[in-house]
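Coordinate inspection notes
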Amino acid sequence: MHKYFFILGHSPQISQAEIEAVLEKLLGEHNIIAASDEVLIIGYKIYNNASFQIKDLIRKLGGTIKIGKILDEVELEEDSNIVTKISGKLTAERLLDKYFQQNTERINFGFSAYCLDSNIPKSISKKLLKLGLELKKELKRKGHSVRLVSSKEKTLSSVIVGENKLIEKGADICLLISKDKIYLGRTLAVQEYKRFIQRDYARPDRDVKSGMLPPKLARIMVNLSQADPDDVLLDPFCGSGTILQEALLLGIKKVIGSDISLKAVQDTRNNLEWLTKNYQLPTTSYQLITSDIKDLPSKFKEQVAVIVTEPFLGPPLKGNESLEKIKTVSKELSELYLKSFRVFSQILKKNGRVVIVFPIFRKVNQEISLPIVSEIEQMGFQVQKNLLSNARGGLVYSRPDQKVLREIFRFKKIY
Ligand SMILES: C[S@@+](CC[C@H](N)C(=O)[O-])C[C@H]1O[C@@H](n2cnc3c(N)ncnc32)[C@H](O)[C@@H]1O
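Because the structure is predicted, anything quoted here is derived from the model rather than measured. (Residues numbered from 1 in each chain as written. Predicted model: local features only at pLDDT ≥ 70, side-chain atom pairs only at ≥ 80, totals over all residues. Heavy atoms only, no water.)

So, about unusual backbone geometry. Both trends apply: most residues other than glycine have a negative phi, and most peptide bonds are in trans. Its identity is not glycine, yet K165 carries a phi of approximately 50°, on the positive side. Summarising the element assignment, K165 is placed in the loop between α6 (158–163) and α7 (166–169). The backbone phi angle of N351 is positive, close to 70°, even though this residue is not glycine. Classification of N351 by relative accessible area gives partly exposed; the value is 39%. (Helix = DSSP H or I, 4+ residues; strand = E, 2+ residues; numbered from the N terminus. Buried < 20%, exposed > 50% of the residue type's maximum accessible area, 1.4 Å probe, protein only.)

See below:
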């Protein structure tokens with residue numbers, strides 16, 4: 001069995017849920033060997049032309065920073081020194097034979113250390129630097145031209161790996177450290193961070209005021225919906241069209257966007273035109289409608305297979321609002337969400353899926369979420385929970401200091 005590792009983004013549960021949703025559709029059978037807040041290790045039987053497929057896979061995912069292959073496993077005893085242990089395995093010969101990209105004139109390499117289930121000692125980057133320098137000397141003695149890429153952090157970021165061409169010219173050697181074992185591997189692909197930044201900032205219309213979903217999260221949500229290319233996907237609160245954009249890039253052939261605001265619909269139109277010109281899209285079609293969610297059923301006859309959306313999350317909060325005020329906002333939004341689900345039950349096919357953001361309001365030590373999940377279930381929707389979700393079945397996506405957190409739910413229409 002081949003083992004692959006996935007380095008997870010800043011909301012690891014969501015990143016892991018996305019990987020599982022995508023792999024389930026792509027490969028069917030795969031098993032999780034280990035998981036932590038930083039890394040997920042997956043076992044898979046076939047994967048021939050792996051590096052090619054891995055490049056496709058990382059392009060598909062919004063929440064994964066690196067994907068690589070495990071090449072060695074080193075058992076640890078209590079109190080073993082991690083770097084001493086791996087230096088026995090990572091000889092210059094082994095690196096040349098298994099880890100480095102072959103036939104490269106100049107070798108660029110570096111180390112990244114990730115936690116599986118035990119904390120990594122702070123001194124690790126210094127020790128890895130020392131090991132790297134020894135290996136560099138040894139490789140030079142063997143006649144190779146070598147550069148060691150190091151960082152003060154315990155990991156090399158995807159930007160450093162990309163800019164120093166570690167994948168093409170040498171290796172980003174990854175140590176995945178658990179209590180009793182170190183997995184050693186090399187990165188095969190890193191996230192195309194520049195493309196995400198471009199889609200966030202270079203598109204013609206951005207609406208910072210009404211809140212924009214980061215393209216990475218929009219992509220994660222489309223992947224969580226497990227939509228097929230022939231499924232019709234609707235975003236009924238499309239804003240500037242981030243979800244529709246990522247859905248088209250993921251190969252969904254038909255998307256529909258609607259919004260109560262004429263400006264939002266125009267922004268979406270401009271952004272999707274820009275996308276069509278700047279990205280090689282397969283044949284696609286999009287339909288845009290200006291409508292209040294409550295009037296949507298009368299606007300189109302077609303039933304959709306998938307709804308992926310971030311509705312209105314309330315007015316921007318400063319953080320000093322009273323609990324009373326937050327409860328009032330939460331009540332108003334609960335009404336909007338329940339109204340939306342009534343509409344969804346009319347326009348969604350049976351077994352259709354909804355992937356939707358709920359707001360969670362953070363107030364000092366308190367988090368206030370919309371208390372509507374059981375009412376939605378009574379309308380015929382089932383929350384798709386898994387081991388990664390919270391007690392309500394949601395996956396939380398947040399940044400430090402955020403006043404409004406995002407709680408992502410997956411529902412299935414069962415009747
Ligand atoms: C948070 S924004 C969506 C952001 C979008 N996902 C993006 O990345 O651009 C919410 C959108 O909901 C729309 N909206 C608010 N109330 C609505 C309603 N009753 N019916 C339809 N759209 C509504 C707003 O006009 C706004 O564009």
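What follows covers the nonpolar core. Residues L233, F341, F358 and F411 are the most contacted members of the largest nonpolar core, which totals 73 residues. Counting residues per element, this core draws most heavily on helix α13 (residues 323–347), at 10 residues. Two domains each put at least three residues into this core: domain 1 (2–191) and domain 2 (205–413). Among residues more than four places away in sequence, those in contact with L233 are V222, A227, I243, L244, A247, I252, K254, V255, I256, V306 and V308. If you look at the next biggest cluster of nonpolar residues, it comprises 29 residues, including V74, V83, A92 and I107. (Core = buried A, V, L, I, M, F, W, Y, C linked by side-chain atoms within 4.5 Å. Domains from an automatic or database assignment. Contact = heavy atoms within 4.5 Å.)

A few words on the packing of helix α9 (residues 215–224) against helix α10 (residues 242–249). Axis separation between α9 and α10 bottoms out at 8 Å; the angle between their running directions is 60°. Regarding the angle of α9 to α10, the classification is oblique. Both α9 and α10 take part in a crossing whose hand is right-handed. Along its contact with α9, which presents P215, A218, R219, M221 and V222, the element α10 presents T242, I243, Q245, E246, A247 and L249. For the contact of α9 with α10, the residue count by class is seven nonpolar, two polar and two charged. (Axes fitted to C-alpha atoms, helices over the stretch in contact; angles between N-to-C directions. Parallel < 35°, antiparallel > 145°, perpendicular 65-115°, else oblique. Left-handed = near helix turned anticlockwise from the far one by under 90°. Nonpolar A, V, L, I, M, F, W, Y, C, P; charged D, E, K, R; others polar.)

In this section: the environment of I260. Its location among the elements puts I260 in the loop between β10 (254–259) and α11 (262–278). As a C-alpha pair, I260 and S291 span 31 residues in sequence and 4.6 Å in three-dimensional space. Apart from residues lying up to four places away in sequence, I260 is in contact with T290, S291 and D292.

If you walk through the whole model with that rule in mind, you get 21 salt bridges. D172 is the salt-bridge partner of K66, the closest N and O atoms lying 2.8 Å from each other. Of the two residues, K66 sits in strand β4 (residues 64–75) while D172 sits in strand β7 (residues 171–177), which places them 106 residues apart along the sequence. Summarising the burial analysis for this pair, K66 and D172 share the class buried. (Salt bridge = Lys/Arg side-chain N within 4 Å of Asp/Glu carboxyl O.)

This part covers a positive patch on the surface. Residues R106, K140, R147, K165, K169 and K194 make up a contiguous surface patch of positive charge. Along the chain, K169 turns up in helix α7. K169 gets classed as partly exposed once you look at its relative accessible area, which sits at 32%. (Patch = residues over 30% accessible without salt bridge, like charges linked within 9 Å, V, L, I, M, F, W, Y side chains within 5 Å. Areas by Shrake-Rupley, 256 points an atom, 1.4 Å probe, with all protein chains shown as cover. Lys, Arg positive; Asp, Glu negative; His and termini not counted. Charge placed at Lys NZ, Arg CZ, Asp CG, Glu CD.)

Another aspect to go through is the site of the ligand. The full set close to the ligand counts 21 residues, and L213, S240, T242, D259 and I293 are the nearest of them. For the ligand, an oxygen atom lies 3.0 Å from a polar atom in the backbone of L213. Here a nitrogen atom of the ligand and a backbone polar atom of I260 are 3.2 Å apart. For the ligand, the accessible surface in isolation is 600 Å², of which the surrounding protein chains cover 91%. (Near = heavy atom within 4 Å. Polar contact = N/O pair within 3.5 Å; in protein donor to acceptor, adjacent residues only side chain to side chain.)

What follows covers the packing of aromatic side chains. Counted according to the given criterion, the structure contains 11 aromatic pairs. Considering the side-chain rings of W274 and Y279, the 6.1 Å spacing of their centres and the 65° angle between planes classify their relative orientation as edge-to-face. In this structure W274 comes out as buried when scored by relative accessible area, which is 14%. Classification of Y279 by relative accessible area gives buried; the value is 5%. For the ring pair F341 and F411, a centre distance of 5.1 Å and an interplane angle of 70° mean the geometry is edge-to-face. With F341 in helix α13 and F411 in strand β17 (residues 404–413), this residue pair connects regions lying 70 residues apart in the sequence. Here the two residues F341 and F411 agree in accessibility, since each one is buried. Put simply, the rings of Y337, F341, F344, F358, F381, F409 and F411 pair up and form one aromatic cluster. (Phe/Tyr/Trp six-rings, centres within 6.5 Å; stacked < 30°, edge-to-face > 60°.)

A volume near 440 Å³ is recorded for the second largest pocket. Lining the second largest pocket are 19 residues, with R59, K60, E192, R219 and L249 sitting closest to its centre. Of all elements in the fold, only α2 (50–60), α8 (193–201) and α10 reach the threshold of two or more residues within the lining of the second largest pocket. Its residues assigned to classes, the lining of the second largest pocket comprises 10 nonpolar, two polar and seven charged. (1 Å grid on protein atoms, 1.4 Å probe; cavity = no way out; pocket = protein on both sides within 12 Å on 5 of 7 lines; lining within 4 Å. Points joined across faces, edges and corners; volume = space filled by probe spheres on them.)

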